[in-house]
Amino acid sequence: MNAMTGSLAVTATPTRVKVQKAYAYTAREMDGYFRHTSHSEAIIRFIGIVLILGAFIQWLVPENADGFPSLMTKTGLAVAFSLIGIAIYTSALRGSRHELRLDPSRRDLTLTRLDRRDNVRSSKSFPLTQIKSIYVKKPEVPGAPARMQLRLINSSNEITAIRGPYEEVEMMHRTLCRHIHILQNK
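Residues numbered from 1 in each chain as written. Predicted model: local features only at pLDDT ≥ 70, side-chain atom pairs only at ≥ 80, totals over all residues. Heavy atoms only, no water.

Brief notes about the overall build of the protein chain
- Helix and strand content of the protein chain: three helices and nine strands.
- Seen in sequence order, the protein chain has helices and strands lined up from the N terminus as β-β-β-α-α-β-β-β-β-β-β-α.
- By residue count, 36% of the 186 residues in the protein chain fall in the buried class.
- When the accessible surface of the protein chain is summed, it comes to about 11200 Å², and 60% of that surface belongs to carbon and sulfur atoms. (Helix = DSSP H or I, 4+ residues; strand = E, 2+ residues; numbered from the N terminus. Buried < 20%, exposed > 50% of the residue type's maximum accessible area, 1.4 Å probe, protein only. Areas by Shrake-Rupley, 256 points an atom, 1.4 Å probe, with all protein chains shown as cover.)

So this is what it looks like as structure tokens:
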């Protein structure tokens, strides 16, 4: 099944996956609903750049007659603006879209965060033996995306695997669980 519906793209076939592995499964959030997160990331990056530039522009302001306190103040502001600007800029580069990949040869589930250019920003793999449950969490607000959640055996935290319209996420959940069940019974 290859599907690209609304805001999610799914590739799950026994034979026609890029790497030709049986029961491989890939699901990725597409633009659609998540387009606004790309815009907000661009705005946050712009704010970070403005703060970094503000650290240097403040040196163009003339000093007072007694330059020592002003020099210390300018140095402190430059360091503070630079650090805050860099922190804001790097936090916006983490990526806002999720990708889920089931690798049958390694028997693990990989969760990836993608940026707006589909570059991998962070990736984490979980062996199937460490996954306690996978379930779909319905949206609390109408129009909000549903989320596929993972629970690990050794952790009480829930991990968001993928988001999207409820029907699509539920379909992906059923297909993913079927592929995992087949892999575990081999």
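That shown, we press on.
Observations regarding the nonpolar core
- The biggest cluster of nonpolar side chains holds 22 residues, and the ones touching the most others in it are Leu 100, Leu 109, Met 148 and Leu 176.
- Counting residues per element, this core draws most heavily on helix H3 (residues 166–184), which supplies five residues. (Core = buried A, V, L, I, M, F, W, Y, C linked by side-chain atoms within 4.5 Å.)

Structural notes on the sheet that holds strand S9 (residues 158–164)
- Reading across from one edge, S7-S8-S9 is the order of the three strands in this open sheet, with antiparallel pairing throughout. Edge strands, defined here as strands with exactly one partner in the open sheet, are strand S7 (131–137) and S9. The average undirected angle you get between the axes of adjacent strands in this sheet is 20°.
- Two elements, strand S8 (residues 146–152) and S9, share six bridges in a ladder whose sense is antiparallel. Directly across from Ala 146, in S9, lies its bridge partner Gly 164.
- Each of S7, S8 and S9 touches H3; the most contacted strand, S7, lies at about 155° to it. (Pairing = 2+ DSSP bridges. Axes fitted to C-alpha atoms, helices over the stretch in contact; angles between N-to-C directions. Contact = heavy atoms within 4.5 Å.)

Points about the environment of His 98
- Mapped onto the elements of the fold, His 98 is located in strand S4 (residues 97–103).
- Apart from the residues lying within four places of it in its own chain, the contact partners of His 98 are Ala 27, Arg 28, Glu 29, Thr 112, Arg 113, Thr 160, Ala 161, Ile 162 and Arg 163.
- Engagement of the side chain of His 98 in a polar contact is seen with the side chain of Arg 113, the distance being 3.4 Å. (Polar contact = N/O pair within 3.5 Å; in protein donor to acceptor, adjacent residues only side chain to side chain.)

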